[in-house]
Number of protein chains: 2
Amino acid sequence: MLRGGVAMVDPSAARPGESWREVLDRRALVPRGFRFFRRSLTFIPAERPGSPPSSMTISCLHNQGPEFSAAAVTTTNRFPGAPVILARERLSRGRLQAILVNTKVANVAAPGGLEAARQVAAAGARLFSLPPEEVLSVSTGVIGWSLPLEEMLREIPALPQGSCGVGGFAEAIMTTDRYPKAGWVSLGEGGHGVADTGADPGADIRTGGSAGTQGDPCGEGTGEGRGGAASRVATASRGRTASGNGTAPVILGVAKGAGMVEPHLATMLAFFVTDASVPPETLGRVLRRVTEKSFNHLSVDSDQSTSDMVVALANGASGRSVDEAELEAAWQPLADRLALEIVRNGEGTSHVIEVVLRGVPCATLARDVGRHVVNSPLVKTAIFGNDPNVGRILMALGDGLSRYDHRGVIDPSGLVMTIAGREVYREGAFLLDQETEDLLCASLRAAAMDPLLAGVPQDRGTVPIVLDFPGNDREDVRVIGSDLTDEYLRVNADYRT
Amino acid sequence: MLRGGVAMVDPSAARPGESWREVLDRRALVPRGFRFFRRSLTFIPAERPGSPPSSMTISCLHNQGPEFSAAAVTTTNRFPGAPVILARERLSRGRLQAILVNTKVANVAAPGGLEAARQVAAAGARLFSLPPEEVLSVSTGVIGWSLPLEEMLREIPALPQGSCGVGGFAEAIMTTDRYPKAGWVSLGEGGHGVADTGADPGADIRTGGSAGTQGDPCGEGTGEGRGGAASRVATASRGRTASGNGTAPVILGVAKGAGMVEPHLATMLAFFVTDASVPPETLGRVLRRVTEKSFNHLSVDSDQSTSDMVVALANGASGRSVDEAELEAAWQPLADRLALEIVRNGEGTSHVIEVVLRGVPCATLARDVGRHVVNSPLVKTAIFGNDPNVGRILMALGDGLSRYDHRGVIDPSGLVMTIAGREVYREGAFLLDQETEDLLCASLRAAAMDPLLAGVPQDRGTVPIVLDFPGNDREDVRVIGSDLTDEYLRVNADYRT
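The name recorded for chain A in an unreviewed UniProt entry is Arginine biosynthesis bifunctional protein ArgJ, from Alkalispirochaeta sphaeroplastigenens. Under the heading Function (unreviewed entry), UniProt records this for chain A: "Catalyzes two activities which are involved in the cyclic version of arginine biosynthesis: the synthesis of N-acetylglutamate from glutamate and acetyl-CoA as the acetyl donor, and of ornithine by transacetylation between N(2)-acetylornithine and glutamate." Regarding chain A, the relevant UniProt record gives this comment under Subcellular location (unreviewed entry): "Cytoplasm".

(A) Region of the structure containing the sheet that holds strand E6 (residues 135-139) of chain B. Residues and elements named next belong to chain B. Across the sheet, 5 strands lie side by side as E6-E5-E3-E2-E7; this open sheet has mixed pairing. Every other strand in the sheet has two partners, leaving E6 and strand E7 (163-164) as the edge strands with one partner each. Direction of pairing for strand E3 (residues 54-63) relative to strand E5 (residues 98-102): antiparallel, over a ladder of 5 bridges. Following the sheet pairing, Ile-58 is matched in E5 by Asn-102. Against the sheet, helix H4 (residues 113-128) contacts strand E2 (34-43), E3, E5 and E6, and its axis sits at roughly 130° relative to E6.

(B) A look at the relation of the copies chain A and chain B. Laying chain A over chain B is done by rotating through 180° and shifting 0.0 Å along the axis; what remains is an RMSD of 0.0 Å. The relationship between the two copies is best expressed as a two-fold rotation axis. If distances are taken from each C-alpha of chain A to the rotation axis, the shortest is found for A:Asp486, at 3.2 Å. A share of 100% of the interface residues of chain A reappears at the interface of chain B, consistent with the copies meeting face to face through the same patch.

(C) Representation of the packing of helix H12 (residues 377-384) of chain A against helix H15 (residues 486-493) of chain B. H15(B) packs onto H12(A) with a crossing angle of 65° between their chain directions and a minimal axis gap of 8 Å. With respect to their mutual orientation, H12(A) and H15(B) come out roughly perpendicular. The hand of the H12(A)/H15(B) crossing is right-handed. Between H12(A) and H15(B), the residues in contact are A:Pro377, A:Leu378, A:Thr381, A:Ala382 and A:Phe384 and B:Tyr488, B:Leu489, B:Asn492 and B:Ala493, respectively. Across the contact of H12(A) with H15(B), the residue classes break down as 7 nonpolar, 2 polar and no charged.

(D) Summary view of the pairing of strand E8 (residues 181-186) of chain A. Residue and element names in this part refer to chain A. Of all 6 residues in E8, 6 are buried, a share of seventy percent or more. Judged by which residues are buried, E8 turns out to be covered on both faces: Lys-181, Gly-183 and Val-185 on one side and Ala-182, Trp-184 and Ser-186 on the other are all buried. Where E8 lies against strand E11 (residues 250-256), 6 bridges are found, and the strand directions are antiparallel. Following the sheet pairing, Ala-182 is matched in E11 by Val-254.

So, how was this worked out
- Residues numbered from 1 in each chain as written.
- Chains lettered and ligands numbered in written order.
- Predicted model: local features only at pLDDT ≥ 70, side-chain atom pairs only at ≥ 80, totals over all residues.
- Heavy atoms only, no water.
- UniProt positions renumbered as here; feature names shortened; annotations may be inferred.
- Pairing = 2+ DSSP bridges.
- Helix = DSSP H or I, 4+ residues; strand = E, 2+ residues; numbered from the N terminus.
- Contact = heavy atoms within 4.5 Å.
- Axes fitted to C-alpha atoms, helices over the stretch in contact; angles between N-to-C directions.
- Least-squares fit on C-alpha atoms with pLDDT ≥ 70 in both.
- Parallel < 35°, antiparallel > 145°, perpendicular 65-115°, else oblique.
- Left-handed = near helix turned anticlockwise from the far one by under 90°.
- Nonpolar A, V, L, I, M, F, W, Y, C, P; charged D, E, K, R; others polar.
- Buried < 20%, exposed > 50% of the residue type's maximum accessible area, 1.4 Å probe, protein only.

The structure is reproduced here in structure tokens:
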């Protein structure tokens, strides 16, 4: 369960004076053959010559092979950014060797944007002597602004001097994220899944959020991995790297952003890399299914950016291949975890809202209605205020049904609503009294994070809302959302003042 | 144009020491044969025995006939309140003689709610010796709470002692509205329409917001009407009443609320009454068309309440009948104006956003996409911050198209975006420079209202955004929205503290 996942997060994983980036660098299990680099620069936006210099981070993810399988899913926004257009073009061949990521300028609807993206990718290709069409340029930032091409082309050749670890890369692609987000899962013995779901005791997954309270990420040579492996593979990556032939393959995921939650930065990005041997077709199929169930089920502010992108790379460096089912079973909980992390560190988020739809015959309908509930400004503000205003949840559900359940497959009269384990609605009426009110208030307060606290994950669980339509035996559909806080407003409206 | 409508609003219509309610009472043109009453009471919610007393206003709209045509449109929320269920039942006969309205408790999903609504209506029927099935009970307030039936049945018989005018009724049905809203239009010579649209110089419409700066609402006996008519028809209504046979019929509209914009109150209500003779079938057809183009094109916070209702009554007291086309032509601008007023006084609203979609082949698609743009939290917060973050508008439009334009009837590449008269996007790219930035900033500041100023309408125009897809010669579709402010958050989240 996602709540269990959240419950595992423990900021105390950081040693005294150690940043969350350093925790990730130290604990992350990095698939063989992937390297990370980062540099930064400053520039004056051409559209605002009068403004002070803006700072940009350029980072790079380099796949050393031996294989170069690649797949991506991109935003469905009808005004996709140049990087999205480039990705659709280059991923069609299923091969990618390097990805460059820049912050501050999203390169969306900017004059000459696509050509600029090609030039950035070409500079990255020259860096590692790669075919340009196997390098991707990804951007996150202001929509409508042009890339500071001159400054970027000047800085890219210096990327090798900025070799860094997973934590450094996860931090480099951040915009207003409150902490770097990375997770990993081993495909080794002990199988796959999430240890804290209770579904598979032998399971083996770690995320940055959970690393601190976990045992060793995989059941082998960790002590050696900490130091030896780290030094031995220093050029590949800081942190531990699965090493030696026959070692279990690993899937590593890095994510940033939470939809359009920042005044001018606009991207949700996630990168998955594995040293398992996976053909691009398989990688793409699994990526699409895993993404649908994870990232497509979250919303921070209901705004789909022009730049959302999830990219997966597989290089076979482990010498092991995995079958499609095994890959998906290991990958899904990792993607779920990263999706949750994205909401948990959403701009100004103080509560994570977890809506579970039960007994809805159609998964897409359940997702749309669930998203409608977590996106309701009145549900979001009530939860922000620790106010168990259950009537608003009913309102949002009824509104969502009227918008999406055109064929009337859901019978509203069957609804049973449970919040924080307390049944509050059944047989067409609420069950409200002072005790229920007090219990719900207390559970909301317990789930409240401090939106101003940045740097490390906060564990306050979620606000669990179950909307059950008994009679249909279907798989639960879970949608994760964020509340609406004054900090969200401050960042998104008052930033000029 | 709606902007013109807003531009007419002038708080100076109030005389020294005169409230906006009194301005409406003095200036409103009231159709013959309609009376208004109001009383108030206090009660302790059964669901919160520990809480301090809540106050409730009960008001009544009484149609004295001779005809009793009635029609209504109600929310499509799948969890409609008891009053909505009752309205659908009773309006099916097309006859209504009185409407009771209470605040504070919405009577939605409350145990025994429908029976309670019937008892309230019955009490109103006894008051005027009417058939119970021709009386409606309408509620606005907390979802899930039960009506304080005992207190209400005790107070209703005293309603006749609370005779009031249009302003008093418009104020009585308010929840957190910032000022009472009423408008009227005469079907007399000079035709119909909105004087400030420029469409019809001879047109003749007034709204509460505009009364102050208008000449006489209709071209006849106003001086006499002020005093004489008022006194002569004191039992019918304070304010002026069209009098005598052959006088032009009048349509009066009263509205409250702005969707679900208050912590616990949840209704957008509008009532239209006319002394024209209109068969219920005609009244219903025109009401549905007028509502679709007005109230169905506004959004404050994207949350459709469980209790939204628009009711129209016609009594033929003018001795005049109007044909369907004439009725619609006069009614539409009045409904448009009231819809705008609802947004302008939305909870915490500081900017009214006016999105015009041009060249969209399907009106419903244009409405859905337009609503998606005005409902984007990032568009709303940017406008609140007087930040011309045009990229967010493109994002929201592209996101809306991906959600609603399933058949791809709109070609995004054709988009021309104009804000405050300035073209900012064409041929797939933004046209941004410092001058444009400064011009847009200035126009946003000029359109900013003070969300804390209540009591009277504020005129700051709108933020006009034109999304033009050239090539299709279609009627413009206009969607009105509100920005997202800290005052909205304060009222909807912090009210407990």
